[in-house]
Each structure stands twice: as structure tokens, then as C-alpha cells.
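Commentary on secondary and tertiary structure
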Amino acid sequence: GEINLSITAVMLMGAKREPFLGACLASIRDAVDHLIVNDNSGLTEHPNLAVMQGSDLFRAGRVTIVPSAFLGFGPCRDLCLAEMRKTNEAGRWVIFVDCDEVHTPSLHRVTQCLLPRLPERIGIVDGYFYQIFQSPGLMQSLDHRHNLMFRFHPAIRWTGQVHEKLEGLTGRRLVVPYRYYHYGYLTPPSLIAEKWRLYGSLGDPQSGRQSESPSEYMRRDLERLTTFYGQHPTVAAKPIGDYERDNGEWLSQIAALNGRQALFAVKSRLRFLQIEAKMRYLLFQATRQLADCPEAQAGLAVY
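Our subject in this report is the structure included herewith. Please read these numbers as outputs of a predicted model, since none were measured by experiment.

Section: the overall build of the protein chain
Across its full length, the protein chain carries twelve helices and eleven strands. For 303 residues, the compact-globule formula gives about 19 Å, and the C-alpha radius of gyration of the protein chain, at 20 Å, lands near that figure. C-alpha extents for the protein chain along the principal axes are approximately 55 × 45 × 35 Å. In the protein chain, buried positions account for 51% of the 303 residues.

What follows is the structure, given as C-alpha cells:
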């Protein structure tokens with residue numbers, strides 16, 4: 001049977017409209033017990049707050065909103081952990097969630113079948129996410145999400161103004177072949193340039209350079225993409241459709257650019273074969289790491 005475990009998701013939600021927020025909330029609804037949100041918008045009413053309040057999680061009383069000024073990504077996300085520090089509950093795990101990320105139903109199986117059965121020596125669980133870029137049919141990469149989930153204890157802190165980092169994690173790391181979706185770059189180039197300018201103002205030199213000539217960086221990135229052959233989460237269908245409807249001309253330009261690339265389809269197929277091989281290897285490695293814990297090994301069978 002299922003083992004009870006406290007799973008808390010932590011999220012930042014500012015004033016910028018987040019088109020995938022509703023899909024994100026729906027995708028984690030059955031996988032987490034509670035969601036703590038730092039809202040650093042300074043607004044009492046805005047679209048993101050309305051979406052949050054309309055979610056099943058909020059209506060079930062499973063959301064805590066912590067308002068603050070914007071203090072930087074690390075300090076703001078750490079306010080969510082500060083909320084957790086108010087109570088000394090045992091057996092808690094934290095999952096990193098962003099407004100522009102959408103999970104799959106497998107997340108429920110990870111949090112309900114794997115995490116509760118992990119031996120105490122495992123304190124961190126990593127996953128992977130597809131970086132969807134400019135078109136729902138294109139991906140930039142499959143990226144390693146370090147510290148996707150971790151055992152909570154009061155000494156853990158998030159630090160850093162941009163690209164926040166965790167300090168004080170304990171336990172060994174387990175990397176599992178769980179994959180989800182990041183849609184932060186499925187947005188018009190002008191909005192991406194705004195994001196880069198913000199990151200640059202917080203001290204990230206690369207983003208600062210990119211914001212000065214976004215069209216050059218965007219075109220270079222587009223030339224490195226591959227076709228995305230996976231299946232988008234069902235809950236993401238509406239925001240994806242809205243994006244396609246509102247950005248038809250730009251999507252046509254992207255399609256024309258990729259159409260001129262020699263062997264684009266072959267390169268894409270090979271990339272996906274490599275990804276599947278990597279996921280099988282990760283499953284093999286995780287199974288070996290849990291060789292002394294058959295129950296946890298059984299939890300890996302969800303992939």
C-alpha cells in the first residue's frame with residue numbers, strides 16, 4: 001500500500017503573466033500535499049493570483065501564499081522554506097516548481113511510490129526536463145534538474161540573486177529518469193529579452209549580453225534545435241494552443257528556418273534515440289544504487 005509522506009512544493013509567482021501557471025498547478029495537484037508560493041508582485045489583484053485561487057489546490061486549502069518585495073530569486077524562494085521552518089514536522093520532502101513548468105502523471109508515482117520508500121541515506125532526487133524552445137514542436141535540450149526534490153531540514157537555505165542555489169543539503173543523490181516540461185521559452189522573443197534583462201540586472205553576465213541583441217542569440221539558438229517527438233502533457237494543451245494562435249507568423253519563420261537545415265529530421269531522430277538510451281542507463285544506475293532496498297527499487301518501476 002501507499003506510505004504517507006509530506007510533500008511540499010515551493011514556487012515563486014510575481015506580477016508577470018504566467019500562461020502555463022494553470023497547467024502547472026493541475027499537473028502537481030495529485031503529487032503534492034501542499035504548495036507554498038512566494039508572491040513578490042506587490043499587487044493584491046493580478047491574473048496569476050486569480051489563476052492560483054481558481055486551482056483545485058487552493059480551493060482544497062492546500063496553498064500558502066507568502067507575500068514579499070522582490071529580494072532576488074534565492075531569498076524569495078527561501079521565504080517558502082522559512083514558512084516550513086515554523087513547524088517541526090518529520091518526514092518532509094520539498095519539490096522545486098516553477099510557474100512555467102508542467103509535470104506529467106508520473107510525478108504522482110514518484111512522490112507516492114518512490115520517495116516514501118527511499119532509504120534514509122538518500123536525501124536528494126534529481127530529474128530531467130525538456131527545454132521547449134519557441135515552438136511546441138522544437139526542443140533545445142533535455143536538461144538535468146539538480147535538487148528537484150530533497151529531504152527538508154531547517155538548516156537548508158536558498159541563496160543567490162539569480163540562478164538560485166541550495167545550501168545545507170544532506171544525504172546522497174539519486175538521479176531518476178523522470179522527465180517533465182519547461183515552457184519558459186515558449187513565449188515571444190520580446191518577452192524573453194525582458195527576462196534576460198532582469199537576469200542581467202541581477203548579475204548574470206551572459207543574460208545581460210543576450211538582452212542587448214536578442215535577435216542574434218535567438219537565431220543562433222534556433223539553428224541548434226531538434227524536432228520534439230515527445231507528447232506534451234494534456235493539461236498544457238490550452239496554453240500551447242493559445243501561443244500558436246497568437247504567434248503564427250513567428251512560428252512560420254521558425255519552420256522555414258529549420259526547413260533549410262540539411263538532415264534536420266535525421267539529427268532529431270538520433271537525438272531522441274540518445275535520450276531514450278540515456279534514460280535506460282539512468283534507470284539501471286538508480287536500480288543498482290538501491291540494490292539493498294527492494295521496496296525502493298519497485299518504486300523505480302514507474303518509469
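Continuing now.
Here we look at the pattern of salt bridges
Following the criterion strictly, the structure yields 16 salt bridges and no others. As a salt-bridge pair, Arg 173 and Asp 126 come within 2.9 Å of each other at their nearest N and O atoms. Taken together, the residues Arg 173 in strand 10 (residues 172–185) and Asp 126 in strand 6 (residues 122–133) connect sequence positions 47 residues apart. In this structure Arg 173 comes out as partly exposed when scored by relative accessible area, which is 34%. Classification of Asp 126 by relative accessible area gives buried; the value is 0%. Measuring nitrogen to oxygen at the nearest pair gives 2.9 Å for the salt bridge that ties Arg 245 to Asp 246. Both residues of the pair, Arg 245 and Asp 246, count as exposed. Through salt bridges with shared partners, a single ionic network connects Arg 29, Asp 30, Asp 56 and Arg 59.

As for the nonpolar core
In this structure, Met 11, Leu 35, Met 52, Ile 95, Leu 118 and Met 149 are the most contacted members of the largest nonpolar core, which totals 39 residues. When neighbours within four sequence positions are excluded, Ile 95 is seen to be in contact with Ile 7, Thr 8, Ala 9, Val 10, Val 32, His 103, Leu 107, Leu 148 and Met 149. Leu 222, Trp 250, Leu 257 and Met 279 belong to the second largest nonpolar core, which has 31 residues in total.

Some details on helix 6 (residues 189–201)
Its 13 residues give helix 6 an end-to-end C-alpha distance of 18 Å, which sits within 8% of 18 Å, the value for a rise of 1.5 Å per residue. All of the buried residues along helix 6 are Ile 192, Ala 193, Lys 195, Trp 196 and Tyr 199. Buried residues along helix 6 cover an arc of 160° about the axis, so they all sit on one side.

Observations concerning helix 4 (residues 73–85)
In a regular helix each residue adds 1.5 Å, so 13 residues correspond to 18 Å; helix 4 covers 19 Å between its end C-alpha atoms and thus fits that length. Those residues of helix 4 lying buried are Phe 73, Gly 74, Cys 76, Arg 77, Asp 78, Cys 80, Leu 81 and Met 84.

Describing unusual backbone geometry
Even without glycine at this site, Gln 134 takes up a positive phi of about 70°. By the element assignment, Gln 134 lies in the loop between strand 6 and strand 7 (138–151). Phi at Asn 147 takes a positive value of approximately 60°, unusual for a residue other than glycine. Looking at the element boundaries, Asn 147 is found in strand 7. In this structure Asn 147 comes out as buried when scored by relative accessible area, which is 16%.

A closer look at the environment of Trp 93
Relative to the assigned elements, Trp 93 resides in strand 4 (residues 92–96). The buried category is assigned to Trp 93, whose relative accessible area is 1%. Taking the C-alpha atoms as reference points, Trp 93 and Trp 250, separated by 157 residues in sequence, lie 41 Å from one another.

A look at the packing of aromatic side chains
Taken as a whole and assessed by the stated rule, the structure comprises 15 aromatic pairs. Consider the rings of Phe 20 and Tyr 183, whose centres lie 4.4 Å apart with planes at 5°: the pair is stacked. Taken together, the residues span a long stretch of sequence, with Phe 20 in the loop between strand 1 (6–13) and helix 1 (21–28) and Tyr 183 in strand 10 at a distance of 163 residues. Centre to centre, the rings of Tyr 181 and Tyr 183 are 6.2 Å apart; their planes meet at 10°, and the pair counts as stacked. Site record: aromatic cluster; members linked through ring pairs are Phe 20, Tyr 130, Tyr 181, Tyr 183, Phe 228, Tyr 229 and Phe 272. When the ring centre of Tyr 185 is taken as origin, the NZ or CZ atom of Lys 195, which lies over that ring, is 4.7 Å away. Of note, Arg 269 hangs over the ring of Tyr 229, and the distance from its end group to the ring centre comes to 3.6 Å.

Topic: the pairing of strand 10
The buried fraction of strand 10 amounts to ten of the 14 residues, a majority that puts the element mostly inside the structure. Sheet topology places strand 5 (residues 101–102) next to strand 10; two bridges connect them, and they run antiparallel. Residue pairing for strand 10: Val 102 is matched across the bridge by Tyr 181. For strand 6 and strand 10, the ladder comprises nine bridges, and the chain directions are parallel. Its bridge partner lying in strand 10, Tyr 130 is registered against Tyr 181.

About the thresholds
- Residues numbered from 1 in each chain as written.
- Predicted model: local features only at pLDDT ≥ 70, side-chain atom pairs only at ≥ 80, totals over all residues.
- Heavy atoms only, no water.
- Helix = DSSP H or I, 4+ residues; strand = E, 2+ residues; numbered from the N terminus.
- Rg over C-alpha atoms; globule rule 2.2 N^0.38 Å.
- Buried < 20%, exposed > 50% of the residue type's maximum accessible area, 1.4 Å probe, protein only.
- Salt bridge = Lys/Arg side-chain N within 4 Å of Asp/Glu carboxyl O.
- Core = buried A, V, L, I, M, F, W, Y, C linked by side-chain atoms within 4.5 Å.
- Contact = heavy atoms within 4.5 Å.
- Expected span 1.5 Å × (residues − 1).
- Arc of directions from axis to C-beta.
- Phe/Tyr/Trp six-rings, centres within 6.5 Å; stacked < 30°, edge-to-face > 60°.
- Lys NZ or Arg CZ within 6 Å of the ring centre and 35° of its normal.
- Pairing = 2+ DSSP bridges.

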